[in-house]
Structures are given as structure tokens and as C-alpha cells.
Amino acid sequence: MSKGLPKRSEDYSLWYNELVKRADLAENSPVRGCMVIKPYGYSIWEKMQAELDRMFKETGHTNAYFPLFIPKSFLSKEASHVEGFAKECAVVTHYRLKNAEDGSGVIVDPEAKLEEELIVRPTSETVIWSTYKNWIQSYRDLPLLVNQWANVVRWEMRTRLFLRTTEFLWQEGHTAHATAKEAMAETVQMMNVYAQFAEEYMALPVVKGKKTANERFAGADETLCIEALMQDGKALQAGTSHFLGQNFAKAFEVKFATKEGGLDYVWGTSWGVSTRLMGALIMAHSDDNGLVLPPKLAPFQVVIVPIYRGEEELTLISVKANEIMADLRKAGISVKYDDRDTQKPGWKFAEYELKGVPIRIGLGPRDLENKTLEIARRDTLTKESFQWEEMPIAQKIGKLLEEIQEQIYQKAFDFRIENTTEVNSWEEFKEVLETKAGFLSAHWDGTSETEEKIKELTKATIRCIPLDQVQESGSCIFSGQPSVGRVLFAKAY
RNA sequence: CGGGGUGUAGCGUAGCCCGGUAUCGCGCCACAUUUGGGAUGUGGAGGUCGUAGGUUCGAAUCCUGCCACCCCGACCA
């Protein structure tokens, strides 16, 4: 039992915030809305980065880095883009400080005003497309497949650790193509990469879909997304992939000589996932005892806790523990041996449960005598006694890790199925939303007006038009107008 | 940015209404006994009471501004 971690059923938000802090993932910083990502939390992010980066490279992308600052004029070149981001931009107006004459400290030097203000990037489309103009002349320069790992700033009204912070870390892919078809294929491909990552590594089942015009990225012609369901029944947009059409190419005059000898604007995409995925990971699997991490993303997959009285016992146990560690590491399993004498075993058990370590091995004199190990699973909180002779330890643990990865996915998947409800009337819609929440699969007439009205009345939005949407005729739950298929509604983070 | 709430030691808090220099628990340090689910005892350290002003002989307490955090709206990955 974790000491005083709030219960999910009592106060989900409080549970989330406390968990993030107590599991040493992140904490608030002195700057409003910004967070310090602590070493344990950052290790998880690094694991995510490593897998995503590998997947991006396997699909032909390379990394580059563009500047943090964007000239103000760039932002206004694409009309809907500036409209979407203008209200949440941090602006640099001066480049120097000086000592106040009254000795009260340091002040902004009014002499050092910038001629053109700089925007701290909320996203990098503009600065990247202004650069692409110089990189692209011919169809031979295409496709251009670039990703960058960066921080961005969006001055949000309300922030929450990982889910919405003023500054966040992310990756943004920006590609340029000769044809719309190719760009669209890229957009779809990257959504699939995200979905695969979420499901295989985060053990997070997602719905792949298309955003409605209302929810689309500012400057995109089409936005694809992956949507996940959290334990409190709210949806979380976990990643987006945008088909930009020729919007940014036109705004930044990016033309290329076609194979046929013509001149055309290039077609673009952009796609990103952020540290918000950390929030999704935490909320999807964790319980009232703390974090539950999927083995594929855990900073260490196994922790060995020695149980001993006195130096001699510890020495004997450590010999066996080192042997186990060597075996596990040889099999590619990450393991930590916590032989600190400063904390007691019970304390360590609780601590590693809070931190979500998938497997804990207890090793004491009784085990040495009986040739056993105590193996405890974080996801089910069950313990078993393992005989050394039963099978090689690396094989045992390897199998168990796979099983855990699979089971937490399955648990989240079952949860999503149970919490996806088909509704067929406005009354039913409102009732299910209030009593059960989750995804509501319902007919919609396809108009923004209806979507807005529903949002206004219930706070629920259309999370996506699922890619696997079944074509069936029905009538809109709100307007009664004809509809060709169901879309997913939910309250969202 | 609007409404509500909170801010006192690393963390959680009492004290505030009714002004007199801060309570308790956890944690921390030392020693001893302990170690298979967050040990026990004894001793000890640690506080510009979020911050800047104001009122007062005197402010954690009363007043004002600011900052941060939480909840509810509007905004959003």
C-alpha cells in the first residue's frame, strides 16, 4: 500500500497529480505552467524517444534542428495557422537587461528593443517551410523527410503536468512531396507509426481516425489522429498527423520543377507526439498503489531486493543476485539491484510499486536455502515462488515480461471496449455521457453547427471519425438529419 | 482571463475569526536494537509563516497589490 496516494475513485485528478510527483516523474517549476521532468520520468521519455526515433528512421526520415525563435512576420503568412496559434504565443521583445538605477535589481533595457519581435515556436511549420524554399527546386529534391526533436511553447490558460504544460518536449516531422497522393500516404503512414508505437510499446490501445474540420490543425487540409481512452472515461489525443496540402508551400513560395517540365507547389505533411504521451501512459495503466509501466518502456524492468540480517548474509545473497543480473542482462533485460542498507525491504517493495517496476525479485536466506526466488508482478500484485532449477532465470523473466506487456494492453483494450457505447438518441447520448462516459459511438449529420452545439451542451467533442467506420445509414442523434456512419464522441483532455 | 479555494520546516498540517514570534505527524541527522510488506526507542537539527507593501508599540493572524498551485468555466497537443 502506498502511503496516502489518493484513490482514483475518490479524486482522479488529485490521484494523477500526486502520482506524477511521488513516482518522481515530474514536478512544478518556479515558472507558471512549466515542469521539471525528473530523472526517472525522463528515463521513460528517453525510452519513448529511442523507439520512435528508430521507427522514423526506418520509414526514411532523418533528424535536423531548426531554431527556437521565429520572426513574427513568418507566423502570419499562413492565415488559418496564425489564427490558431496567435492567442498562445510567447513573444521576445528585447535582447538585453541592465541594472536598475535605483538598485532594485535587473530590468529590461528599453534601448534594446527588437525591431521585429521573435516568437518562441509553438510549432515549427513556418520556420521550416521558409527554409524548405531554399532546399527544394526540383522533383529530384523530393520527397524531403525531416524530423526534429524539440521543445515548443504554447501559453495555455490551464496546465497540468505532462498533459498540458506551457513548454513541452516533442518531435515534429515535416515532409515535402511532389504529389498530393504521396503526401497523403505519408500522413497515413505516420499515423500508423504512432498507433503501432502506442499499442506495442505503451500497451495503449488507440482508435485511428480523422478529425472533423473543427478539430483540425490550424493550416491543415486533413488531420489524422490516434485517440486513447483514460481510466476516468475521458479521451486523450495521443498523436496527430496532418496533411497540409499546398497551404504552407503557397504561403512560403515553395515551388519545384516537375518531371514534366512544369512548376508546381509542393505538398506537405507534419506530424507530432509530445511529452503528453507520458500522461497517457500514466493514466492508462496505473492503479491506487502507483505507476504501472509496460516492460518495454520501464527504465528498469526488474529490481532485485535482498532480504538479509547482517553483512555475511548480504554477501551471500549478493553473489546469487550478481549471477541473476548477469543472466538477465545477457538476455537484454534491464535490472537494478537495490542493496542499499539505508532502507528496509518493506519500504523498497512499496517504493518500486509506486514507481511501476514491472517485476520485483525478492532474495533472502530462505531462498538461498530452498533454491527459490520470490517473483512479484507489478500489474497483478501477485507473488510466486520460483525454483532455480525450473528453467533458466532469464527465460522465466523474459516470458513474464512479455506476458505483462500483453496483459496490460489487454486490460486497457477491454476497458475501452467496455467503455465504448453505441447510442441512438439524444436522451441516451446525454445519459451515457453523464453516467458512464467513455467513447460514444453515434450518428452525426456531418455539420460543424451540430458538432458545436453538442459541445456547448455537453462538453463532449467528436474525437474522430474512425478509419474503420462502418458505412451504415442512420440519423444524427442531435438533428435527426441523415448520416452515413458513426463517429466517436467523448469528453477529452 | 472569469468564479471559488489554498499557500506556515523537505512533505502533510494546527494556530488566523478574536494581533503578543509557531503546534503536531511524516521525513532528515546520531546511536542502539531491527530487516520475508512502508520497524522501534532515545537524543538532535531544521521555519524570512508564498511575496511586496500598509495598519499597529507589536502581524502567521487585519488591509492592499503581486506570484504560485488546486477545482469549475472559456482555450488547447
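Keep in mind that what you see is a predicted model, and the values were worked out from it rather than measured.

Thresholds, definitions, all that
Residues numbered from 1 in each chain as written. Chains lettered and ligands numbered in written order. Predicted model: local features only at pLDDT ≥ 70, side-chain atom pairs only at ≥ 80, totals over all residues. Helix = DSSP H or I, 4+ residues; strand = E, 2+ residues; numbered from the N terminus. Rg over C-alpha atoms; globule rule 2.2 N^0.38 Å. Buried ≥ 20, exposed ≤ 12 C-beta atoms within 10 Å, placed from the backbone. Domains from an automatic or database assignment. Pairing = 2+ DSSP bridges. Axes fitted to C-alpha atoms, helices over the stretch in contact; angles between N-to-C directions. Contact = placed C-beta atoms within 7 Å. Near = placed C-beta within 6 Å. Nonpolar A, V, L, I, M, F, W, Y, C, P; charged D, E, K, R; others polar. Core = buried A, V, L, I, M, F, W, Y, C linked by C-beta atoms within 7 Å. Parallel < 35°, antiparallel > 145°, perpendicular 65-115°, else oblique. Left-handed = near helix turned anticlockwise from the far one by under 90°. pLDDT = per-residue confidence, 0-100. Right-handed = clockwise from strand over helix to strand, strands pointing away.

## Points about the overall build of chain A
In terms of helices and strands, chain A carries 14 helices and 27 strands. Expected size for 493 residues packed as a compact globule is a radius of gyration near 23 Å; at 26 Å, chain A falls within 12% of this value. In terms of overall dimensions, chain A has C-alpha extents of about 80 × 70 × 55 Å along its principal axes. Looking at the 493 residues of chain A, the share that counts as buried comes to 40%.

## Examining the domain arrangement of chain A
How big an interface is tends to be expressed through the accessible area that disappears when the partners come together. You can read the domains of chain A as domain 1 (16-70 + 125-285), domain 2 (302-403) and domain 3 (420-490). Centre-to-centre, using C-alpha coordinates, domain 2 lies 49 Å away from domain 3.

## Some thoughts on the sheet that holds strand β18 (residues 335-337)
Ordered in space as β18-β17-β19-β20-β21, the five strands form an open sheet in which the pairing is mixed. At either end of the open sheet lies a strand with only one pairing partner, and these are β18 and β21 (383-387). Each strand of the sheet is rotated relative to its neighbour by a mean of 25 degrees, with strand direction disregarded. As paired elements, strand β17 (residues 302-306) and strand β19 (residues 359-363) share five bridges and run parallel to each other. What sits directly across from V305, in β19, is G362. Against the sheet, helix α10 (residues 345-354) touches β17 and β19, its axis set at about 170 degrees to β17.

## Comments concerning the protein's contact with RNA strand B
Neighbouring RNA strand B are 44 residues, the closest being R32, M157, G346, G364 and R366. Secondary structure elements with two or more residues in the surface near RNA strand B: α1 (12-22), β13 (235-245), α10, α11 (365-370) and β20 (372-377). By residue class, the composition of the surface near RNA strand B is 13 nonpolar, 13 polar and 18 charged.

## Some points on the pairing of β13
Burial analysis of β13 places ten of its eleven residues in the buried class, which makes it a mostly covered element. Where strand β12 (residues 222-229) and β13 come together, eight bridges link them in antiparallel fashion. Residue pairing in the sheet places E222 in a bridge with F243 of β13. Here β12 folds back onto β13 in antiparallel fashion, the turn holding five residues, of which G233 has a positive phi close to 85 degrees.

## Considerations on the nonpolar core
Ranked by internal contacts, the top residues of the largest apolar core, which has 95 residues, are A198, M202, L204, I226, A228, A280 and I304. Among the elements that take part in this core, helix α12 (residues 393-418) stands out by supplying eight residues, more than any other. Among residues more than four places away in sequence, those in contact with A228 are A198, L204, V206, L236, A238, A280 and A284. F74, I136, F243 and F256 belong to the second-largest nonpolar core, a separate cluster that totals 26 residues.

## With respect to the sheet that holds strand β8 (residues 113-120)
An order of β4-β8-β5 is seen for the three strands of this open sheet, with the pairing classed as antiparallel. Of all strands in the sheet, those with a lone pairing partner are β4 (69-71) and β5 (91-94), marking the two edges. Sheet twist, expressed as the average angle between the axes of neighbouring strands with direction ignored, equals 40 degrees. Bridging between β5 and β8 involves three bridges; their strand directions are antiparallel. Within β8, the residue paired with V92 across the bridge is L118.

## Things to note about the packing of helix α9 (residues 310-330) against α12
Viewed as axis vectors pointing N to C, α9 and α12 meet at an angle of 60 degrees, and their least axial separation amounts to 8 Å. Here α12 runs oblique to α9, going by the angle between their axes. Considering the relative orientation of α9 and α12, their crossing is right-handed. Residues I324, D327, L328 and K330 of α9 touch α12, and the partners they reach there are I393, A394 and I397. Here the residues of the contact of α9 with α12 sort into five nonpolar, no polar and two charged.

## Section: the confidence of the model for chain A
Put simply, chain A has an average pLDDT of 93, and 99% of its residues get 70 or more. In the predicted complex, the global pTM is 0.95; the interface-specific ipTM is 0.86.

## A look at the pairing of β17
Regular strands place side chains that alternate from one sheet face to the opposite one. Counting buried residues along β17, five of its five residues qualify, which places the element largely inside the surrounding structure. Here β17 shows two buried faces, one formed by V302, I304 and P306 and the other by V303 and V305. The pairing of β17 with β18 spans three bridges and is parallel. Residue V302 lies in a different strand from β18, and its bridge partner there is V335. Taken together, β17, α9 and β18 constitute a β-α-β crossover, and its handedness is right-handed.

## Brief notes about unusual backbone geometry
The peptide bond linking L142 to P143 adopts the cis configuration, its omega dihedral lying at -5 degrees. Looking at the element boundaries, P143 is found in the loop between α5 (125-135) and β9 (144-153). Even without being a glycine, D24 presents a positive backbone phi close to 65 degrees. Note on placement: D24 falls in the loop between α1 and β1 (26-28). One non-glycine residue, L381, lies in the positive phi region at around 60 degrees. Checked against the element boundaries, L381 lands in the loop between β20 and β21. The exposure class of L381 is exposed, given the 11 C-beta atoms found within 10 Å.

## Considerations on the environment of E83
Secondary-structure assignment places E83 in helix α4 (residues 79-85). Residues E83 and A218 lie 135 residues apart in sequence; the distance between their C-alpha atoms is 7.4 Å.

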